[in-house]
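This is what each chain is made of:
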Amino acid sequence: MRVPKCICMESKGRETRAYWLAWARVLWPKQRHVFLLGEYFGSLKAAWEAPVEELAAVPQLAPFVSEIAARRAVTDPVAEQEAVDACGVRFVTWDEPGYPEPLRNICDPPPVLFYNGKWEPADAVAVAIVGSRQATPYGRAVAARLAEELAGVGVTVVSGMARGIDTAAHKGALEAGGRTIAVLGTGLDVIYPRENTKLMGAIAASGAVLTEFWPGTPPEAWHFPMRNRLISGLARGVVVVEAGEKSGALITADLALEQGREVMAVPGNVTSRLSRGTNRLIKEGARLVESAADVLEELGLTSLFPRDKAGKALPKLNKEEEMVWRLVEEEPLHEEDIIGRTGLAPEKVMAALAFLEIKGLVRRLPGKFYVGYGHSR
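Residues numbered from 1 in each chain as written. Predicted model: local features only at pLDDT ≥ 70, side-chain atom pairs only at ≥ 80, totals over all residues. Heavy atoms only, no water.

Examining the pairing of strand β8 (residues 262-265)
The following threshold applies: Note on pairing: two strands pair once DSSP finds at least 2 bridges between them. To qualify as a helix, a DSSP run of H or I must reach at least 4 residues; to qualify as a strand, a run of E must reach at least 2; elements of each kind are numbered from the N terminus. Assignment of crossover handedness uses the view with strands pointing away from the viewer, where a clockwise path from the first strand over the helix to the second indicates a right-handed crossover.
Direction of pairing for strand β7 (residues 237-240) relative to β8: parallel, over a ladder of 4 bridges. Residue Val240 lies in a different strand from β8, and its bridge partner there is Ala265. Taken together, the 2 bridges between β8 and strand β9 (residues 287-288) define a ladder with parallel strand orientation. Note on β9: the bridge partner recorded for Met264 is Arg287. Of the crossover connections in this fold, the one passing from β8 over helix α13 (residues 276-283) to the parallel β9 is right-handed.

The structure is reproduced here in structure tokens:
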């Protein structure tokens, strides 16, 4: 259901917020009908006070109007808001300025969002990074590095705070000192997985943690596909890093397409079950991603990247990568020469070279030589 373009709601205030909250509770999990009530009755307060026969006149509500009336009869809007406030949880309604703008016009936006932290207008330039909970070291490393590069140039990284790829993406964004948003499939006061307690606090401090689930809501399997529409809805594009054939990340990719977002994927080992989903997405037309530069190019955001001497856009580099890159940009060098000239530990040089290859900045030559792309030997 597309949200009505024009909903005449009553003037904002504590009472208005209480009716948004109460109706979302009564209609759960069909809370999208909150918008129908606002459009039909002119205000949520008027809808709350309407007799049952008037509610039954709304075609979409008629089949379950008795259940709605029974729930409404035992719900007090003021008490509902006081209960949420008592949990120390903040919330924002669809008609308020603090509601994330990218979600307003998706199909089926939540009428109420619970949150920690703050959504900012700059978060409209966001990319979702998602993937398997059983991620490989390769997948986690790529997700973290993509997130670090994107956050380093001001792109907000969105994910679901699950184990594996999601956790790596959030951590990568935080490592770059950037913003990241986590969308939960639980209540805001239910941290899942538990080992991400510290991570959730860090995300709220430098971005936001959002959920449409009431405080105290535990994790259930059906919550996460429901949550995924918000992950894709907040972003301009979705990057799938690792995904099996039936991964929830593929649900997020499908939702992104429905919402008019771009879908991208990181290629993986053809023998790995966790690459089957991503490699299939690429076969079906998803943009192949090797670095953040690919993501920004797909989204038309290449101006965010710094450029090298030749004017080529460069992804965000850490200190070790910058040192190595500047050396091989000038001339082909053997790995032993690179180690000697940088003074870095061998393992740091090899890690830097590996990530520079992933980013498309360096190519490996025979005999353990490395050179920057664009340099002719």
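Considerations on the pattern of salt bridges
Test applied: Whenever Lys or Arg places a side-chain nitrogen within 4 Å of a carboxyl oxygen from Asp or Glu, that contact is recorded as a salt bridge. Only protein chains enter the accessibility calculation, which uses a 1.4 Å probe; a residue whose area is less than 20% of its type maximum is buried, one above 50% is exposed, and one in between is partly exposed.
Under the defined criterion, the tally for this structure stands at 21 salt bridges. Salt-bridge contacts for Glu96 lead to Arg17; the nearest nitrogen and oxygen are separated by 2.8 Å. Of the two residues, Glu96 is situated in the loop between β1 (90-93) and α7 (101-104) and Arg17 in helix α1 (residues 14-27); the sequence distance between them amounts to 79 residues. This pair shows no difference in class: Glu96 is buried, exactly as Arg17 is. Its salt-bridge partner being Glu297, residue Arg287 comes within 3.2 Å of it at the nearest N-O pair. Placement of the pair is Arg287 in strand β9 and Glu297 in helix α14 (residues 292-298), with a sequence separation of 10 residues. Through salt bridges with shared partners, a single ionic network connects Arg287, Asp294, Glu297 and Glu298.

Topic: the nonpolar core
To keep it simple, the criterion reads: We call a set of buried residues a nonpolar core when its members are Ala, Val, Leu, Ile, Met, Phe, Trp, Tyr or Cys and they connect through side-chain atoms within 4.5 Å of each other. Contacts: residue pairs with any heavy atoms within 4.5 Å of one another.
One finds Trp23 and Leu37 to be the most contacted residues of the largest nonpolar core, which totals 71 residues. For this core, the element with the most residues is α1, which contributes 8 residues. If sequence neighbours within four positions are ignored, Leu37 has contacts with Trp23, Leu27, Gly42, Ser43, Leu44, Ala47, Leu55 and Leu61. In this structure, Val153, Ile165, Met264 and Leu299 belong to the second largest nonpolar core, which totals 26 residues.

Things to note about the packing of aromatic side chains
Heads up, the condition is: Here a pair means two rings of Phe, Tyr or Trp (six-membered ring of Trp) with centres within 6.5 Å. Their orientation is stacked below 30 degrees between planes, edge-to-face above 60, and tilted elsewhere. Working rule: Lys NZ or Arg CZ, within 6 Å of ring centre, within 35 degrees of ring normal, means a charge sits over the ring.
One pass over the full model with this rule turns up 13 aromatic pairs. For the pair Trp23 and Trp48, a centre-to-centre distance of 5.0 Å together with 75 degrees between the ring planes defines the contact as edge-to-face. A residue pair is termed long-range when its members are at least 10 positions apart, and Trp23 in helix α1 and Trp48 in helix α3 (residues 44-49) qualify at 25 residues. The exposure class assigned to Trp48 is buried, which follows from its relative accessible area of 12%. Taken together, the ring pairs connect Trp28, Phe91, Phe114, Phe213, Trp214 and Trp222 into an aromatic cluster. Positioned above the aromatic ring of Phe64 is the side chain of Lys30, whose terminal nitrogen or guanidinium carbon lies 5.2 Å from the ring centre. In this structure, Arg145 is placed above the aromatic ring of Phe355, and the distance from its NZ or CZ to the ring centre is 3.9 Å.

Structural notes on empty space enclosed by the protein
Convention followed: Think of a 1 Å grid over the protein atoms and nothing else: a 1.4 Å probe that fits but is trapped marks a cavity, an open set flanked by protein within 12 Å on at least five of seven lines marks a pocket, and residues with an atom within 4 Å of a point count as lining. Grid points are joined across faces, edges and corners, and a volume is the space filled by probe spheres set on the points. Throughout, the ten residues Ala, Val, Leu, Ile, Met, Phe, Trp, Tyr, Cys and Pro are labelled nonpolar, Asp, Glu, Lys and Arg are labelled charged, and all others, Gly among them, are labelled polar.
All told, the structure shown has 2 cavities of 30 Å³ or more when counted by the stated rule. One number sums up the size of the largest cavity: a volume of about 60 Å³. Tallied by class, the residues present in the lining of the largest cavity amount to 7 nonpolar, 3 polar and 2 charged. In this structure, the second largest cavity spans a volume of roughly 40 Å³. Looking at the second largest cavity, the residues that line it are Ala141, Val142, Arg145, Leu146, Glu149, Glu290, Ser291, Ala292, Phe355, Ile358 and Lys359.

Side note on helix α5 (residues 65-73)
To be explicit about the condition: The arc refers to the directions leading from the helix axis to the C-beta atoms.
For α5, every residue scored as buried is listed here: Val65, Ile68, Ala69 and Arg72. Buried positions in α5, seen along its axis, are confined to an arc of 100 degrees and lie on one side of it.

Thoughts on the confidence of the model for the chain
Spelled out, the test is: The quantity known as pLDDT measures the predictor's confidence residue by residue, on a range of 0 to 100.
Mean pLDDT over the chain works out to 90, with 92% of the residues at or above the 70 mark. Low confidence marks residues 4-11, where pLDDT is under 50. Its contacts with residues over four positions away, or in another chain, come to 25 contacts.

Describing unusual backbone geometry
A cis amide bond, omega 5 degrees, links Trp28 with the succeeding residue Pro29. Residue Pro193 is bonded to the preceding Tyr192 through a cis peptide linkage, with omega at 0 degrees. Tracing the backbone shows Pro193 in the loop between β5 (180-183) and α10 (197-206). A positive phi angle, near 70 degrees, is found at Asp108, a position not held by glycine. Within the fold, Asp108 resides in the loop between α7 and β2 (112-117). By relative accessible area, which is 22% here, Asp108 ends up partly exposed. The phi torsion at Met161 lies on the positive side, around 60 degrees, for a residue other than glycine. In this structure, Met161 sits in the loop between β4 (156-159) and α9 (165-175).

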